[in-house]
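# Fold and contact review
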Amino acid sequence: MDQFFVPPIDRWEPGKAGGPSGRDEVLYRSHLVGSDPALTKEGGGNFSAKGVTVDHLGRPARVLWMSSWGCDGATTTPDDFPVLRLDDLLPLRDSGPMSEIDMIGHLVGSGLHGEQRRPGIETLTHAFIPAAHVDHCHPDAVIAMTSFPRGREVADAEFGDEAIWFDYRQFDVGVARELAARIAANPRCRFVLLANHGLFTWADTSRECYENSLEAVERATRAVNKAVVRAADLGGPAVTPPQAETAHDLLAEILPATRAALSAGTQGLVLHLDRGAEALWFASSVRGPRWSQDGPSCPDHVVTVGYRPLVLDGVPTGAADVLSAIEGYRAWYDDYYERHVPESARALGRRSNAPHAIVLPGLGVVSCGTDAAKARLCADHIAQTMTVIRAADAAGGYRSLTEAQGALDEYWPLMRLKPQLRPPDGPLAGKVFLLAGRDDTRTGEVADLLAAAGAHVALSPERAGDRAGLAAEAADISGRYGERRAVALSSAASDAPGAVRDAVLAYGGFDAVVDMTRSGGLALAALPVFARQGTPGSVLLANDGWLAGRLGLEVAALETRGSGASVQAVAASSPGAVARVAAFHACLTGSDGVYKGTVLRPRRARATGNDHPDMKVILNER
């Protein structure tokens, strides 16, 4: 039998979950569930525990520790679990009608302490279920089981009266009340199967709650496998993928233009390229791309992927094919917005009409985000939809949210607030630097300063075989500033076209080149990328002493090529000076995108005369 899903792993370690409060137990459980891709994706689901604590006057209070809206279960901290008075929440089960705004206000007002993080929108469901521990997660297997025409029949056969099937609806007080009533009416019920959404489990102990989630996924997997009626090949290949080297060359042409088109009106975006076996097969199949137009596997995905990805008709022959398809997607989105989004949902403004994910037959799937982590999360969400579609298709078909429901979710104020809880972007957010130098330590210090200001940095060694040191620098930078803030490229600067291609495949393109090698050869190789992006690029030739003077002679030659890039040379040995100049010029974008090259000659390792104060502001220096 074909293996559709990664199986969950029981990673419970006895003795680690116990503690003086239920919060310690749910914190441990959230880490186990949130870090298991078989159970949920990053930021998906929520977790709770009930117990007794003391209030500010030392009086005992029955409380709910509820995970905050938008937190990632894998990395939760105690602060991610606001403490809510159960005696303030439970009366809502039998009260009258309540608007979403009033519901959120009541949840916040029930907090035991001031200045807590906002609890998740499923809080009342957690409160109304009488068990001490409750989890909600988004397993691939459960979503797939609820996403094909015979799904309910299959679920009934596997779970019987141990599960409640609940057709998809936005969570509000009405949903919480209905679920509580149905659970109370069925004492054998242990699971809620949320169609096209996920799972609720509960128990009187934290461990049993966790084990119930594992059991539900294992049983849903078994049910889907039993339901298979045709080959799990999505109809077989519709196109033949080109050889890897050919595909990489084609992507090196397509991605910069795509990044520019998607970034229009934003500070800048980072692309994520998925050429894994499943993504490549899905993108190249007969039915996979078509099914993806029928909506996401989980409603959370409308925040990252949108209602649907852009799908090209065949293997693109060049950037023009993709750009034309993006314009077609924009027209579709404009119509989708006008037809389905009511005036009452437009108060927070309209989202971009550009696609967030693009299915390229024969080449893979491209996703975007304002940083690498968000681009990867978008990729994870479209990957979950691909997995669910393949399983559902093998079981007879795929069905998801309608366009109307997708639009209501996408513009649901409570859903739109979720990504706003992420940390703010830095001043260089969306900017990508291609950086090469002959000294790993100095190169790493420059990269560190740029990454600290929000940039992403592709690091290329000067010579082949010197990658190990830069790989360690990149890992250290990413560990401190965020996922894939820096990557070490395989190709050395001595192979300038290879290094440029590697940087494009890593981030979709780049906005600036900082070349601190002896040759300065990256600049010429980078100019076609700037041209494909159609946006001003920045080249900084940075070295000390006579070498900077020689490189300064390259400036005029580069500018005569009509690249539209700002080309500068700086004589500096200080990483801080190099980073300040690089950041400053990368942020300069005149109407024509052209700046005259200048040789900056610092005193005491400072770029005097052109050391604009904004350089320090960009890098958060004093």
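Structure: see above.
Residues numbered from 1 in each chain as written. Predicted model: local features only at pLDDT ≥ 70, side-chain atom pairs only at ≥ 80, totals over all residues. Heavy atoms only, no water.

### As for the overall build of the chain
A tally of regular secondary structure across the chain gives 23 helices and 18 strands. Here the chain holds 622 residues, and 58% of them are scored as buried. The long-range share in the chain, meaning contacts at least 24 apart out of those at least 6 apart in sequence, stands at 74%. Here the chain displays about 23900 Å² of accessible surface, and carbon together with sulfur accounts for 52% of that area. (Helix = DSSP H or I, 4+ residues; strand = E, 2+ residues; numbered from the N terminus. Buried < 20%, exposed > 50% of the residue type's maximum accessible area, 1.4 Å probe, protein only. Contact = heavy atoms within 4.5 Å. Areas by Shrake-Rupley, 256 points an atom, 1.4 Å probe, with all protein chains shown as cover.)

### Observations regarding the pattern of salt bridges
Enumeration over the complete set of coordinates arrives at 35 salt bridges. Ionic pairing is found between R169 and E178, a salt bridge with its closest N-O pair at 2.7 Å. Accessibility expressed as a relative area gives 35% for R169, which makes it partly exposed. Two residues, R463 and E462, come together in a salt bridge whose shortest N-O distance is 3.3 Å. The partly exposed category is assigned to R463, whose relative accessible area is 43%. When salt bridges with common partners are traced through the structure, they connect E158, E162, R190, E215, R219 and R222 into a single cluster. (Salt bridge = Lys/Arg side-chain N within 4 Å of Asp/Glu carboxyl O.)

### Comments concerning the packing of helix α9 (residues 244-263) against helix α13 (residues 319-340)
The N-to-C vectors of α9 and α13 enclose an angle of 25°; their axes lie 8 Å apart at closest approach. Here α9 lies roughly parallel to α13, going by the angle between them. The two elements α9 and α13 cross, and the hand of that crossing is right-handed. For the pair formed by α9 and α13, the contact residues are E253, I254, A257, T258, A261 and L262 on the first element and A319, V322, L323, I326 and R330 on the second. Tallied by class, residues from the contact of α9 with α13 come to eight nonpolar, one polar and two charged. (Axes fitted to C-alpha atoms, helices over the stretch in contact; angles between N-to-C directions. Parallel < 35°, antiparallel > 145°, perpendicular 65-115°, else oblique. Left-handed = near helix turned anticlockwise from the far one by under 90°. Nonpolar A, V, L, I, M, F, W, Y, C, P; charged D, E, K, R; others polar.)

### What to know about the nonpolar core
Buried together is how nonpolar side chains tend to be arranged in soluble globular proteins. In this structure, F5, W65, M145, L193, L199 and Y210 are the most contacted members of the largest nonpolar core, which totals 61 residues. Once residues within four sequence positions are removed from consideration, F5 is found in contact with D140, A141, A144, T221, V224, T387 and A391. Among the nonpolar cores identified, the runner-up in size contains 59 residues, and L434, Y507, A523 and V539 belong to it. (Core = buried A, V, L, I, M, F, W, Y, C linked by side-chain atoms within 4.5 Å.)

### Brief notes about α9
With 20 residues, α9 should reach 28 Å at 1.5 Å per residue; the first-to-last C-alpha distance of 27 Å fits that figure. I254 marks where α9 bends most, by close to 30°; the proline P256 follows one to four residues later. Directly after α9, the chain includes G265, whose backbone phi takes a positive value near 85°. (Expected span 1.5 Å × (residues − 1). Bend = angle between axes of the 7 residues up to and from the residue.)

### Overview of the packing of helix α17 (residues 440-452) against helix α22 (residues 575-587)
Packing of α17 against α22 brings their axes to within 9 Å, and their N-to-C directions diverge by 45°. Taken together, α17 and α22 sit at an angle that is classed as oblique. Here α17 runs over α22; the crossing is right-handed. The residues of α22 that touch α17, namely those facing R442, E445, V446, L449 and L450, are P575, G576, V578, A579 and A583.

### Observations regarding the sheet that holds strand β5 (residues 163-166)
Strands sit in the order β3-β2-β1-β4-β7-β6-β5 across an open sheet of seven strands; the sheet is mixed. A strand with exactly one partner marks an edge of an open sheet, and here the two such strands are β3 (83-85) and β5. Strand-to-strand twist of the sheet, defined as the mean angle between neighbouring strand axes without regard to direction, takes the value 20°. Here four bridges tie strand β6 (residues 191-194) to strand β7 (residues 198-203), and the two strands are oriented antiparallel to one another. Within β7, the residue paired with F191 across the bridge is T201. Relative to β5, helix α6 (residues 151-159) is tilted by about 170°, and along the sheet it contacts β5 and β6. (Pairing = 2+ DSSP bridges.)

### What about the environment of G437?
Considering the arrangement of structural elements, one finds G437 in strand β12 (residues 432-437). C-alpha separation for the pair G437 and D515, spaced 78 residues apart in sequence, amounts to 6.3 Å. Ignoring sequence-local partners within four residues, the contact set of G437 consists of T443, S460, E462, M516 and T517.

### Re unusual backbone geometry
A positive phi angle, near 55°, is found at N196, a position not held by glycine. Relative to the helices and strands, N196 is located in the loop between β6 and β7. We classify N196 as buried; its relative accessible area is 9%. Of note, the phi angle at L234 is positive, near 55°, even though the residue is not glycine. Mapped onto the elements of the fold, L234 is located in the loop between α8 (206-227) and α9.

### A short note on the packing of aromatic side chains
Per the stated rule, a full pass over the model turns up 13 aromatic pairs. Both rings, one in W12 and one in Y28, keep their centres 5.0 Å apart while their planes meet at 85°; by these two values the pair is edge-to-face. Highlighted residues: W12 in the segment before α1 (22-34) and Y28 in helix α1, separated in sequence by 16 residues. No difference in accessibility class separates W12 from Y28, as the two residues are buried. Consider the rings of Y329 and W332, whose centres lie 5.2 Å apart with planes at 55°: the pair is tilted. Remark: W332 and Y329 occur in helix α13; sequence separation between them is three residues, near one turn of the helix. The class of Y329 is buried, set by a relative accessible area of 6%. Counting every residue linked through ring pairs, the aromatic cluster contains Y307, Y329, W332, Y333 and Y336. Taking the ring centre of W291 as reference, the NZ or CZ of R290 above it sits at 5.7 Å. (Phe/Tyr/Trp six-rings, centres within 6.5 Å; stacked < 30°, edge-to-face > 60°. Lys NZ or Arg CZ within 6 Å of the ring centre and 35° of its normal.)

### Side note on the pairing of strand β10 (residues 357-360)
Judged by which residues are buried, β10 turns out to be covered on both faces: A357 and V359 on one side and I358 and L360 on the other are all buried. Where strand β9 (residues 310-311) and β10 come together, two bridges link them in parallel fashion. Across the sheet, V311 pairs through a bridge with V359, a residue of β10. Where β10 hands over to strand β11 (residues 364-369), the hairpin turn is made up of three residues, of which G362 adopts a positive phi near 80°.

### Observations regarding the sheet that holds β11
Each strand in a sheet pairs with another by means of backbone hydrogen bonds, the pair being arranged parallel or else antiparallel. Read from one edge to the other, the open sheet built from four strands follows the order β8-β11-β10-β9, with strand pairing classed as mixed. One side of each edge strand has no neighbouring strand; the edge strands of this open sheet are β8 (270-274) and β9.

### Overview of helix α10 (residues 277-284)
Each α-helix turn comprises 3.6 residues. Residues three or four places apart therefore point the same way. Within the span of α10, buried status applies to A279, L280, F282, A283 and S284. Its buried side turned inward, α10 meets β8, α11 (288-291), β10, β11 and α14 (372-394).

### Examining the environment of G362
Inspection of the secondary structure assignment puts G362 in the loop between β10 and β11. Separated by 46 residues in sequence, G362 and P316 place their C-alpha atoms 8.4 Å apart. Excluding residues within four positions of it along the chain, G362 makes contact with V239, P241, P242, R275, L280, A283, S284 and V315.

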